Amino acid sequence: MMQRFTDDAQRVLSLAQDAALELGHDYVGTEHILIGLTKVKQGVAAKALQELDINTDDIIEDVIQAVGKGNKKS
C-alpha cells in the first residue's frame, strides 16, 4: 500500500513511525505524522510551519505534554 504514496509521503510516514517509537508509543497518530511532516524540510508543510516559527522540538514537547511518553521499548 505504501507504494501508492509519493516518496515524500512515504518518508513522512516512516519518520512518524520513528517518532512514535522514540516517544514509546505503540501507535502512530496524527501527532507523529505532524512530527514527520516537520522533518521533510523541502515539503510544503514543513515550510508553512517554519513560517509560523513552529519547529520539531516544540511539537515533540507539546506531544509529550498532551499525551505523555509511552513505555513501549523500541
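Read on for a plain summary of the structure. (Residues numbered from 1 in each chain as written. Predicted model: local features only at pLDDT ≥ 70, side-chain atom pairs only at ≥ 80, totals over all residues. Heavy atoms only, no water.)

### A closer look at unusual backbone geometry
Step number 1: One non-glycine residue, Asp-53, lies in the positive phi region at around 60°.
Step number 2: Its place among the elements puts Asp-53 in the loop between α3 (44-51) and α4 (56-67).
Step number 3: Overall, the relative accessible area of 66% leaves Asp-53 in the exposed class. (Helix = DSSP H or I, 4+ residues; strand = E, 2+ residues; numbered from the N terminus. Buried < 20%, exposed > 50% of the residue type's maximum accessible area, 1.4 Å probe, protein only.)

### Things to note about α4
Step number 1: Here α4 is 12 residues long and its end C-alpha atoms lie 16 Å apart, about the 16 Å a rise of 1.5 Å per residue gives.
Step number 2: For α4, the complete set of buried residues consists of Thr-56, Ile-59 and Val-63. Buried residues along α4 cover an arc of 60° about the axis, so they all sit on one side. Facing away from the buried side of α4, by more than 90 degrees, are the exposed residues Asp-57, Glu-61 and Gln-65.
Step number 3: On its buried side, α4 packs onto α2 (30-39) and α3.
Step number 4: For α4, the side-chain oxygen to backbone nitrogen distance between the N-cap and Asp-57 is 3.0 Å, and the N-cap itself is Asn-55.
Step number 5: Downstream of α4 by one or two residues, Gly-68 has phi in the positive range, about 80°. (Expected span 1.5 Å × (residues − 1). Arc of directions from axis to C-beta. Contact = heavy atoms within 4.5 Å. Polar contact = N/O pair within 3.5 Å; in protein donor to acceptor, adjacent residues only side chain to side chain.)

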